[in-house]
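This is what each chain is made of:
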Amino acid sequence: MLDKVQSTIVRYKMLAPGDRVLVAVSGGIDSVVLLHILEKQQKEYKLTLGVAHFDHAIRPNSAQDAAFVKGLAQALKLKCYTERADVPVYATAKKISLEVAARRLRYQFLEKTAKTHKFNKIALGHTLNDQAETLLMRLLRGSGLEGLSGIPPVRPAGASRRLYIRPLLECTREQIEAFAKTKNLQWREDPTNKDTTILRNRIRHELIPLLKEYNPNLLQSLGRTSTLLAQAAHHLNIEAGFAFVDLICETTSKELTLDLEGFLQYPESLQTLLLRNAVARVNALCDLEAAHSEAALAWISRRGTGELHLPAGVKLLRRHDRLIVTVRQIPPQKHFEYVLVVPGETVISEIGWRFRTAHSAKVRELAGSQAQNSRTIFLDADKIRGPLVVRNRRPGDRIHLKEGTKKLQDFFVDKKIPRETRDAIPLICDADALIWIVGEAVSEAYRVTPQTQRALEIIAEQCEGAV
């Protein structure tokens, strides 16, 4: 295994003589083996090593992990830098998942520590198994080319000249376990790694063993695929970078204005990268999923004026021949339109609603069981065209009811819904039609029937304190 690690270090030029390397150590087997191997490389590369441990405060015994890492660093006579943050509280405050919150705070800690103590490399313990799991997870979620590129062996650490390096990325977990046992290394076990309600763990413990029955060299094959896709993504990113410079009309720290007509001239593959680049410029913490990009591009192509809200406070504004990407506060407008994450949760604090979506296998039990005024509905997923959006009414809106197609205006009148509240009622729509007047009526064209193969559940809730 040492030869494999050395080959990876040389192939990707991970280390140079005199490097100062901060090693991220969670206490798990991967990071412990990484630290042990780099400690053995100290003389050859004349390295200065440091140990960094981030306590997520997610598990009750997380402090014991921190104590273990401190003891390990002390035994190797290395400096140890630690930090503790309440990830669950942060995740709730930012309305993001625990996984995203933990990753964000961990990387912030690593980059801050590296900058403060002048480390030019940050070493992470990702393995070939992590690469395969990431590729499969993103494939199942419908990621684009960049997402399917997987975990890069080397990448910049933020906007600095420091680099993240992953010396174990071409080693399997089996090789790492064998190495650790041979060297009599001690490590900490994370009990959450066995929790198969977490998608990555389910892929690790259930999907990958099943796929290995079809290809015993699955991990290596997925690793090669990820490398090839990364090369393709790299070339596209270079092309998108040149195009991006040409499209910029105006820019500030909170806002970017692009030439809309020029943007629409590019193929959709480049439009996606251009959009991601623009969003990252105004808010690097905005994590666009494939559903967001797809919905945003469909919305941009409609031209005219309008406003679309994306995660992390990012907004897109169509202003005739300009596309504005901004995080500044925009005065409330009569019309709103938001991308609905499927599957997942979308919190729209501006209008006081939360929407949760999930695919359901209980199709036959659902047929004909839906009440018209329910806050939970089930739709025939195969009838949905394009991404779902949450918006308020537009001129000409119609909905397909049992008695036939009806104008939304007439529906509001018949239901005696006050005129002043009509613009605040959220509507779920796809690219073709109005599907759900939330809390009032569901389109008959999208209802679950005995012939339905896949169902989509949508739960609508008014946020606490919303009127």
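Calculation rules
- Residues numbered from 1 in each chain as written.
- Predicted model: local features only at pLDDT ≥ 70, side-chain atom pairs only at ≥ 80, totals over all residues.
- Heavy atoms only, no water.
- Helix = DSSP H or I, 4+ residues; strand = E, 2+ residues; numbered from the N terminus.
- Buried < 20%, exposed > 50% of the residue type's maximum accessible area, 1.4 Å probe, protein only.
- Contact = heavy atoms within 4.5 Å.
- Pairing = 2+ DSSP bridges.
- Axes fitted to C-alpha atoms, helices over the stretch in contact; angles between N-to-C directions.
- Salt bridge = Lys/Arg side-chain N within 4 Å of Asp/Glu carboxyl O.
- Left-handed = near helix turned anticlockwise from the far one by under 90°.
- Nonpolar A, V, L, I, M, F, W, Y, C, P; charged D, E, K, R; others polar.
- Arc of directions from axis to C-beta.

### Describing unusual backbone geometry
Phase 1 of the analysis: Omega for the peptide link from V342 to P343 comes to -10 degrees, which places this bond in the cis form.
Phase 2 of the analysis: A positive phi is found at K13, a non-glycine position, where the angle reads about 50 degrees.
Phase 3 of the analysis: Checked against the element boundaries, K13 lands in the loop between α1 (2–11) and β1 (20–24).
Phase 4 of the analysis: For K13, a relative accessible area of 69% gives the class exposed.

### Thoughts on the side chain of T257
Phase 1 of the analysis: Looking at the secondary structure, you find T257 in strand β8 (residues 255–259).
Phase 2 of the analysis: Ignoring any residue separated from it by four or fewer positions in sequence, one finds T257 in contact with L247, I248, C249, E250, R322, L323 and I324.

### Let's talk about the sheet that holds strand β4 (residues 121–123)
Phase 1 of the analysis: Spatial strand order, β3-β2-β1-β4-β6-β5: six strands in an open sheet with mixed pairing. Of all the strands in the sheet, just β3 (79–84) and β5 (154–156) have a single pairing partner and so form its edges. When the angles between neighbouring strand axes are averaged without regard to direction, this sheet yields 25 degrees.
Phase 2 of the analysis: Both β4 and strand β6 (residues 163–165) contribute to a ladder of three bridges, which runs parallel. Looking across to β6, one finds that I122 is bridged to Y164.
Phase 3 of the analysis: Contacting β1, β2 (48–55), β3, β4, β5 and β6, helix α6 (residues 98–116) runs over the sheet at an angle of about 150 degrees to β2.

### Brief notes about the pattern of salt bridges
Phase 1 of the analysis: Taken as a whole and assessed by the stated rule, the structure comprises 23 salt bridges.
Phase 2 of the analysis: One salt bridge in this structure joins E133 and R173, with 3.3 Å as the shortest N-O distance. Here E133, found in helix α7 (residues 128–141), pairs with R173, found in helix α9 (residues 173–182); they are 40 residues apart in sequence, far enough to count as distant.
Phase 3 of the analysis: Relative accessible area serves as the criterion here: at 14%, R173 is assigned to the buried category.
Phase 4 of the analysis: Because the salt bridges share partners, they merge into one network encompassing D30, D130, E133, R173, R200 and R204.

### A closer look at the packing of helix α2 (residues 29–40) against α9
Phase 1 of the analysis: Relative orientation of the contacting elements α2 and α9 amounts to 65 degrees, with a least axis distance of 10 Å. In terms of crossing hand, the pair formed by α2 and α9 is left-handed. Here α2 contributes I29, D30, V33, H36 and I37 to the contact with α9, which in turn contributes R173, I176, E177, F179 and A180.
Phase 2 of the analysis: Looking at the contact of α2 with α9, its residues break down into six nonpolar, one polar and three charged.

### A look at α9
Phase 1 of the analysis: Inspection of α9 places R173, I176, F179 and A180 among the buried residues, and these make up the whole buried set. Here the buried residues of α9 occupy an arc of 120 degrees about the axis, which is enough to place them on one side. Those residues of α9 that are exposed and aimed more than 90 degrees away from the buried face are K181 and T182.
Phase 2 of the analysis: On its buried face, α9 sits against α1, α2, α7 and α10 (199–212).
Phase 3 of the analysis: Within two residues after α9, N184 carries a phi angle of roughly 55 degrees, on the positive side.

### Quick word on the sheet that holds strand β14 (residues 353–360)
Phase 1 of the analysis: Read from one edge to the other, the open sheet built from four strands follows the order β13-β14-β22-β15, with strand pairing classed as antiparallel. Of all strands in the sheet, those with a lone pairing partner are β13 (344–348) and β15 (376–380), marking the two edges. Strand-to-strand, the axes of this sheet are offset by a mean angle of 20 degrees, without reference to chain direction.
Phase 2 of the analysis: Of the pairings in the sheet, the one linking β15 to strand β22 (residues 455–462) comprises five bridges and is antiparallel in character. When the bridges of β22 are listed, L379 appears paired with L456.

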